[in-house]
Amino acid sequence: MSRSAPFIAAGLLSLGLAGCALGGSAAPTTYDLVAPRSFAPAKGAGYQLVVSEPTTVQALDTNRIMIRPRADQISYYKGVAWSDRLPHLYQVRMIESLQNSGAARAVFSADDRADGEYTLATEVRAFQIDNTSGHAAADVEVFAKLINNDSSKVVASKAFSANVPAASDNPAAGVAALNQALTEVLQDTSTWVATRR
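One structure accompanies this document, and this report is about it. Because the structure is predicted, anything quoted here is derived from the model rather than measured.

### Brief notes about the overall build of the chain
When helices and strands are tallied, the chain shows 2 helices and 12 strands. When the helices and strands of the chain are listed from N to C terminus, the series reads β-β-β-β-β-β-β-β-α-β-β-β-β-α. The burial tally for the chain puts 46% of its 197 residues in the buried class. The long-range fraction of contacts in the chain, counting pairs at least 24 apart against all pairs at least 6 apart in sequence, stands at 68%. Summed over its atoms, the accessible surface of the chain is roughly 9600 Å², and 49% of this surface lies on carbon and sulfur atoms.

Take a look at the structure:
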């Protein structure tokens, strides 16, 4: 499967400027997640797909960028943020990825209120920089379920994960590694969806 460059520096959209004053305090530098555009050739599934916003733990249901210094401890980068809440941002990039790949005949958000034969429901289990080994690495894990909307039964499920070393401990390197890990997870998820017929 085609992978993007190890660190998607060009894809990091810095939407805010650290140092801009907002209410007397510096506004955070804001980063975006980027959907992959490169996919291995595959025949898409013939159904219409609805993509729900992922569920996740409260610690990830935020626009803050998580770091795990120890297995039982979490923290966040200071002065930086995602451009939106992580679950919503992930949903938007998942939809964009599925559309880019042609994995299904049509792909919608649950908010579109369009009819689809299947729903893709996901759980974001990890989306952080892991420092527990002493070396910063992006850790992304998502569990996906494909649900038949007529029967409400789960017809397929699978976990997708990626671990990408960060070039350094600074936030920009961490976000680049998280984007690369996200690319791998979204590419693999899109390929999986395309084979569910």
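Structure shown, so let's carry the discussion forward.
### A word on the pairing of strand E10 (residues 118-130)
In terms of burial, E10 is largely enclosed, as 11 of its 13 residues are buried. Two elements, strand E4 (residues 48-51) and E10, share 3 bridges in a ladder whose sense is parallel. The partner of Val50 across the bridge, within E10, is Thr119. Here strand E6 (residues 66-70) runs beside E10; their pairing, made up of 2 bridges, is parallel. In the strand pairing of E10, Arg68 is matched with Asp130.

### Focus on the side chain of Ser109
Within the secondary structure layout, Ser109 lies in strand E9 (residues 106-109). At a separation of 3.0 Å, a polar atom in the side chain of Ser109 contacts the main-chain amide nitrogen of Asp111. For Ser109, the contacting residues outside a window of four places in its chain are Val50, Val51, Gln91 and Ile95.

### Concerning helix H2 (residues 171-195)
Taking 1.5 Å as the rise per residue, H2 with 25 residues should run 36 Å; its terminal C-alpha atoms sit 36 Å apart, in good agreement. Within H2, 20 of the 25 residues are buried, leaving the element largely enclosed by the surrounding structure. The opening residue of H2, the one whose side-chain oxygen lies 3.1 Å from the backbone nitrogen of Ala172, is Asn170.

### Focus on the nonpolar core
Within the largest apolar cluster, 49 residues are counted, with the highest numbers of intra-cluster contacts made by Leu49, Trp82, Tyr90, Leu98, Leu120 and Phe127. Mapped by element, the contributors of at least two residues to this core are E4, E6, strand E8 (80-82), helix H1 (86-101), E10, strand E11 (137-148), strand E12 (153-165) and H2. Of all the elements, H2 adds the most residues to this core, at 10 residues.

### Notes on the packing of aromatic side chains
Taken as a whole and judged by the stated rule, the model has 3 aromatic pairs. Judged by centre distance (4.6 Å) and plane angle (55°), the rings of Tyr47 and Tyr118 are tilted. Pair noted here: Tyr47 is in the loop between strand E3 (29-31) and E4 and Tyr118 is in strand E10, with a separation of 71 residues, a long-range link. Aromatic side chains Trp82 and Phe127 sit 6.1 Å apart centroid to centroid with 75° between the ring planes, which places their arrangement in the edge-to-face category. Residue Trp82 is found in strand E8, and its partner Phe127 is found in strand E10; the two are separated by 45 residues along the sequence. Each member of the pair Trp82 and Phe127 is classed as buried.

### Structural notes on the pattern of salt bridges
Pairs can form between side chains of opposite charge whenever their charged atoms are close. Overall, the coordinates contain 9 salt bridges when judged by the stated rule. A salt bridge links Glu96 to Arg37; the nearest nitrogen and oxygen atoms lie 3.8 Å apart. On the criterion of sequence distance, the pair formed by Glu96 in helix H1 and Arg37 in the loop between E3 and E4 is long-range, its members being 59 residues apart. The class of Glu96 is partly exposed, set by a relative accessible area of 23%.

### What to know about unusual backbone geometry
Of note, Ser152 is a non-glycine position whose phi angle comes to about 60°, a positive value. When you line up the elements, Ser152 lands in the loop between E11 and E12.

### Observations regarding the packing of H1 against H2
Remark: H1 packs on H2, axes separated minimally by 9 Å, with the N-to-C direction vectors making an angle of 55°. Regarding the angle of H1 to H2, the classification is oblique. Crossing of H1 over H2 shows right-handed handedness. Side by side, H1 and H2 meet where Tyr90, Arg93, Met94, Ser97, Leu98 and Ser101 of the first sit next to Leu182, Val185, Leu186, Thr189, Ser190 and Val193 of the second. Classifying every residue of the contact of H1 with H2 gives 7 nonpolar, 4 polar and 1 charged.

The rules behind these values
Residues numbered from 1 in each chain as written. Predicted model: local features only at pLDDT ≥ 70, side-chain atom pairs only at ≥ 80, totals over all residues. Heavy atoms only, no water. Helix = DSSP H or I, 4+ residues; strand = E, 2+ residues; numbered from the N terminus. Buried < 20%, exposed > 50% of the residue type's maximum accessible area, 1.4 Å probe, protein only. Contact = heavy atoms within 4.5 Å. Areas by Shrake-Rupley, 256 points an atom, 1.4 Å probe, with all protein chains shown as cover. Pairing = 2+ DSSP bridges. Polar contact = N/O pair within 3.5 Å; in protein donor to acceptor, adjacent residues only side chain to side chain. Expected span 1.5 Å × (residues − 1). Core = buried A, V, L, I, M, F, W, Y, C linked by side-chain atoms within 4.5 Å. Phe/Tyr/Trp six-rings, centres within 6.5 Å; stacked < 30°, edge-to-face > 60°. Salt bridge = Lys/Arg side-chain N within 4 Å of Asp/Glu carboxyl O. Axes fitted to C-alpha atoms, helices over the stretch in contact; angles between N-to-C directions. Parallel < 35°, antiparallel > 145°, perpendicular 65-115°, else oblique. Left-handed = near helix turned anticlockwise from the far one by under 90°. Nonpolar A, V, L, I, M, F, W, Y, C, P; charged D, E, K, R; others polar.

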